[in-house]
Amino acid sequence: MRYVTRFAPSPTGPLHLGHAYSALTAFERAQARDGAFHLRMDDGDTARCRPEWEALIYADLRWLGITWADPVHHVTARGDIYDAALSRLEALGLLYPCGCRRRDIHNALSAPQEGVPVDPATGPDGMVYPGTCRTRSMPSARDGDAVRLNMTRAVAHLGDVCALTWMETGPFGTGQQRLNADQLRTGVGDIVLSRRERGGAAYHLTVVLDDAALGVTEAVRGMDLAEATQIHRLLQALLDLPTPDYHHHDLIRDAQGKRLAKRADAKAISKFRDEGLTPQDVRAMVGL
Ligand code: GLU
């Protein structure tokens with residue numbers, strides 16, 4: 001089978017060194033295997049994505065020497081596919097609407113126990129949802145509700161989830177990984193699959209459907225997403241999608257060890273370019 005991978009930037013700002021490293025890693029893995037490299041524009045968050053950021057991403061990638069297969073894959077063009085997947089999960093009785101705001105969830109999770117405040121448990125999808133709306137059914141959905149996956153039911157629907165495996169490489173660990181029912185129920189919980197503020201389907205749903213549509217055989221991305229792979233594997237099983245291998249690479253950090261992606265002031269690739277640095281300089285800066 002031909003190797004296929006992708007780089008999936010969100011056009012919500014300029015690319016920085018961490019993105020350059022991720023894009024170059026994926027591109028070079030594809031080249032080394034005579035495979036295909038795709039661009040997946042993760043532009044579903046329409047409130048934050050801008051065409052000018054998208055244009056800058058293309059310019060930065062070209063400057064780095066990266067080329068990609070036509071056409072660029074846009075999340076915003078695939079609403080029907082995501083809706084069909086949501087309908088399928090709804091028909092299985094695995095979804096419910098949720099009107100909780102972040103603050104409600106935080107308050108429910110940090111309610112003092114025996115007088116002692118507790119830190120909300122977090123998983124790969126943020127705070128582990130306490131289940132406030134879990135008894136609601138989809139017909140009761142109101143404008144502005146998010147849609148959550150009932151994780152306990154999803155796990156029960158699949159039966160023996162520990163038989164669901166994937167291949168993982170990278171600094172996070174190499175070898176076959178498998179789903180764990182307890183971890184999914186208590187460490188991940190009822191994830192959001194569609195959200196009110198962001199015009200539709202959430203990242204976990206879109207990424208599994210898009211990787212399948214592109215025929216990705218190995219998803220290459222930062223190790224900050226390694227924990228999310230269990231969610232993706234679960235959704236692949238629920239939606240009968242193929243499972244690619246996963247390569248989670250190291251993250252590029254600043255001198256204080258903070259992840260560049262989390263720094264508002266992380267320096268844009270375009271700034272290095274404007275200052276006269278070469279693509280080789282940027283490669284050297286990220287250790288390539
Ligand atoms: N847009 C996502 C990110 O930059 C893509 C993650 C992925 O490659 O799956 O974090």
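The following paragraphs examine the structure supplied in this document. A quick note: this is a predicted structure, and the numbers were derived from the prediction, not measured.

Here we come to the environment of E227. Tracing the sequence through the fold places E227 in the loop between strand 12 (218-222) and helix 8 (229-238). In contact with E227, other than residues within four places in its own chain, are P124, F172 and Q183.

This next bit is on the pairing of strand 8 (residues 165-169). Alternating positions in strand 8 separate cleanly, W166 and E168 being buried on one face and T165, M167 and T169 remaining unburied on the opposite face. Summarising the sheet, strand 8 and strand 9 (residues 175-178) pair through four bridges and their orientation is antiparallel. Its bridge partner lying in strand 9, M167 is registered against Q176. As consecutive antiparallel partners, strand 8 and strand 9 are separated by five residues, and within that stretch G170 has a phi angle of approximately 125°, a positive value. When strand 8 meets strand 13 (residues 245-249), the two strands line up parallel, connected through two bridges. Along strand 13, the bridge assignment pairs T169 with H247.

Let us look at the pairing of strand 1 (residues 4-7). Side chains of strand 1 alternate between two faces, with V4 and R6 and T5 and F7 buried alike. Direction of pairing for strand 1 relative to strand 2 (residues 36-41): parallel, over a ladder of four bridges. Note that in strand 2 the partner of R6 across the bridge is H38. Following the backbone out of strand 1, through helix 1 (residues 17-32) and into the adjacent parallel strand 2, one traces a crossover that is right-handed.

Between two packed helices, both the angle of their axes relative to each other and the distance between the axes serve to describe the pair. Two numbers describe how helix 5 (residues 151-158) lies on helix 6 (residues 181-188): the axes approach to 9 Å, and their chain directions differ by 165°. Classified by the angle between their axes, helix 5 and helix 6 sit roughly antiparallel to one another. Considering only the axes of helix 5 and helix 6, their crossing is right-handed. Contacts between helix 5 and helix 6 pair M151, T152 and V155 from the former with A181, L184, R185 and V188 from the latter. Considered class by class, the residues forming the contact of helix 5 with helix 6 number five nonpolar, one polar and one charged.

Quick look at the nonpolar core now. Core analysis: the biggest nonpolar cluster contains 38 residues, and L95, L149, L193, L205, L209, L234 and L238 have the highest contact counts within it. In this structure, L209 is in contact with R78, I81, Y82, A85, L239 and L241, ignoring residues within four places of it in sequence. Core analysis: the next-biggest nonpolar cluster, separate from the first, contains 29 residues, A20, Y21, A30 and I57 among them.

Each value, and the rule that gives it
- Here, residues in each chain are numbered from 1, in the same order as that chain's written sequence.
- Owing to the predicted nature of the model, reporting of local features is limited to residues with pLDDT of at least 70; listing and counting of side-chain atom pairs is limited to 80 or more, with chain, interface and lining totals taken over all residues.
- Only hydrogens and water are removed before side-chain values are computed, so all heavy atoms of the structure are retained for them.
- The way it works is that DSSP assigns letters per residue, a run of H or I at least four long becomes a helix, a run of E at least two long becomes a strand, and they are numbered from the N terminus.
- The criterion used for residue contact is that any of the two residues' heavy atoms lie within 4.5 Å.
- Residue burial is assigned from relative accessible area. The probe radius is 1.4 Å, only protein chains are included, and a residue is buried under 20% of its type maximum, exposed over 50%, and partly exposed in between.
- Pairing between strands is defined by DSSP: at least two bridges between the two strands are required.
- Seen with its strands pointing away from the viewer, a crossover is right-handed when the path leading from the first strand over the helix to the second is clockwise.
- In this analysis, axes come from line fits to C-alpha atoms, helices being fitted only over the stretch in contact, and the angle between any two N-to-C directions falls in the range 0 to 180 degrees.
- Roughly parallel here means an angle under 35 degrees, roughly antiparallel means over 145, roughly perpendicular means 65 to 115, and every remaining angle is called oblique.
- In this scheme, a crossing is called left-handed if the near helix is turned counterclockwise away from the far one by less than a right angle; it is called right-handed if the turn is clockwise.
- Residues are grouped as follows: Ala, Val, Leu, Ile, Met, Phe, Trp, Tyr, Cys and Pro are nonpolar; Asp, Glu, Lys and Arg are charged; all remaining types, including Gly, are polar.
- What we call a nonpolar core is a set of buried Ala, Val, Leu, Ile, Met, Phe, Trp, Tyr and Cys residues that are connected through their side-chain atoms within 4.5 Å.

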